[in-house]
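# Chains, contacts and geometry: an overview
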Amino acid sequence: MKKIQTYIKSLLLAAILTGVWGSAYSQFNDTTFFHTAFQSSGSINKTNDGTAYLLNNAFRFNVKKKDVSLNFNNNWIYGKQNGNVSNNDFSTSLDFNLYKTFPHFFYWGLANYNTSYSLKINNQLLAGAGVAYSFFDSPNTYLNISDGILFDSSDLMLANNVRDKYETYRNSLRLSFRFNIKDRIVIDGSNFLQNSMQRQSDFIIRSVTNLSFKVQKWLSLTTSLNYNRVNRTNSENLLFTYGLTAEKWF
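Residues numbered from 1 in each chain as written. Predicted model: local features only at pLDDT ≥ 70, side-chain atom pairs only at ≥ 80, totals over all residues. Heavy atoms only, no water.

Attention shifts here to the overall build of the chain. Across its full length, the chain holds 1 helix and 12 strands. Reading the secondary structure of the chain in the N-to-C direction produces α-β-β-β-β-β-β-β-β-β-β-β-β. Sorting the 250 residues of the chain into buried and exposed places 40% on the buried side. Sequence separation of at least 24 residues holds for 50% of the intrachain contacts in the chain that already meet a minimum separation of 6. Carbon together with sulfur atoms contributes 61% to the accessible area of the chain, which is approximately 13,900 Å² in total. (Helix = DSSP H or I, 4+ residues; strand = E, 2+ residues; numbered from the N terminus. Buried < 20%, exposed > 50% of the residue type's maximum accessible area, 1.4 Å probe, protein only. Contact = heavy atoms within 4.5 Å. Areas by Shrake-Rupley, 256 points an atom, 1.4 Å probe, with all protein chains shown as cover.)

Have a look at this one:
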């Protein structure tokens, strides 16, 4: 319980500190080029038979100018059930978009590193590039589909604790969206299907959906639903958490 209490205190402290520099709600425009956000959420379940808790922390930093944007994303999920670790999953990614092309089309590049206790990933590096098309791209509505090729270098744990180091190329299909309803309710998410181009049974599914309710212009109550599956290790997780998101545009 001490870890849970420490987590709650740090969550509130982060919200207070962010509020010091919080400014009016904004979007990218001619004078706003940077966006940063910190999301801290979790869940606690205590019964007579034991205690389970899950902590989900994410940090994002985005830069956008006329012809290029840069996105840096980090996510750490940690959980225990009856004293045993259930999740210790970390992901960090750096991607860029180039907009010097036809209207609504752009090019993208990505480097992503993952390690996951629950998905049996010791280490995984994904890197590649592709193209994307935005059906809608406005401050209140964003809907985008992208496709490309990724190089995957992985170190996994298969059944019976068999260690598997291998490399493959993947087709990476992504659907991302963001809907802002009257600056009060925001729904956003990203969904990935990443199939190996060499093994039909080797695929990865990643899905994140967030629902946020603004209580201040810089602070939101957020629920997050995450689903992940790595078919090669026959492992998956489904996570539902709730907490706070603090953000700033400048």
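Core analysis: the biggest nonpolar cluster contains 6 residues, these being Phe106, Trp108, Leu110, Leu126, Ala132 and Leu150. Within the residue set of this core, elements represented by two or more residues are β5 (105-116) and β6 (121-137). With 3 residues, β5 is the single largest residue contributor to this core. If near-sequence neighbours (up to four positions away) are discounted, Phe106 is found in contact with Asn97, Leu98, Tyr99, Thr101, Gly130, Val131, Ala132, Ser134, Tyr142 and Asn144. Core analysis: the next-biggest nonpolar cluster, separate from the first, contains 5 residues, Leu119, Ile121, Tyr166 and Val230 among them. (Core = buried A, V, L, I, M, F, W, Y, C linked by side-chain atoms within 4.5 Å.)

Before going further, it helps to spend a moment on the environment of Ser138. By the element assignment, Ser138 lies in the loop between β6 and β7 (141-157). For Ser138, a relative accessible area of 37% translates into the label partly exposed. Measuring from C-alpha to C-alpha, the distance between Ser138 and Arg178 comes to 9.6 Å, with 40 residues separating the pair along the chain.

A cluster of nonpolar side chains, Phe59, Val68, Leu70, Phe72, Leu94, Phe96, Leu98, Tyr107 and Val131, forms an exposed patch at the surface whose accessible area comes to about 740 Å². Elements represented by at least two residues in the nonpolar patch include exactly β3 (68-81) and β4 (84-98). By the element assignment, Phe72 lies in strand β3. (Patch = residues over 30% accessible without salt bridge, like charges linked within 9 Å, V, L, I, M, F, W, Y side chains within 5 Å. Salt bridge = Lys/Arg side-chain N within 4 Å of Asp/Glu carboxyl O.)

Bringing the sheet that holds strand β1 (residues 34-47) into the picture now. Read around the closed barrel, the 12 strands follow the order β1-β2-β3-β4-β5-β6-β7-β8-β9-β10-β11-β12; overall the barrel is antiparallel. Strand-to-strand twist across the sheet, computed as the mean angle between neighbouring axes with direction ignored, equals 20 degrees. Here strand β8 (residues 163-181) runs beside strand β9 (residues 185-196); their pairing, made up of 12 bridges, is antiparallel. Paired with Arg170 across the strands is Ser196, a residue of β9. (Pairing = 2+ DSSP bridges. Axes fitted to C-alpha atoms, helices over the stretch in contact; angles between N-to-C directions.)

Here we take up the pattern of salt bridges. Under the defined criterion, the tally for this structure stands at 6 salt bridges. Between Glu247 and Lys214 there is a salt bridge, with its nearest N and O atoms 3.1 Å apart. Here Glu247, found in strand β12 (residues 235-249), pairs with Lys214, found in strand β10 (residues 203-214); they are 33 residues apart in sequence, far enough to count as distant. Of the two residues examined, Glu247 and Lys214, each falls in the buried class. Here Glu236 makes a salt bridge to Arg229, at a shortest N to O gap of 3.5 Å.

Further remarks concern the environment of Leu143. Assignment of secondary structure puts Leu143 in strand β7. When its relative accessible area of 23% is taken as the criterion, Leu143 is described as partly exposed. Taking the C-alpha atoms as reference points, Leu143 and Gly189, 46 residues apart in sequence, are found 9.9 Å from one another. Here Leu143 is in contact with Tyr133, Ser134, Phe135, Phe136, Leu175, Ser176 and Phe177, once residues within four sequence places are set aside.

A separate point is the pairing of β12. Burial analysis of β12 places 11 of its 15 residues in the buried class, which makes it a mostly covered element. Here β1 pairs with β12 via 8 bridges, running antiparallel. Its bridge partner being in β12, Gln39 is matched across the sheet by Thr245. Connecting strand β11 (residues 219-230) to the next strand, β12, in antiparallel fashion are 4 residues, including Asn234 with a positive phi near 55 degrees.

The values are spatial; any link to function lies outside them.
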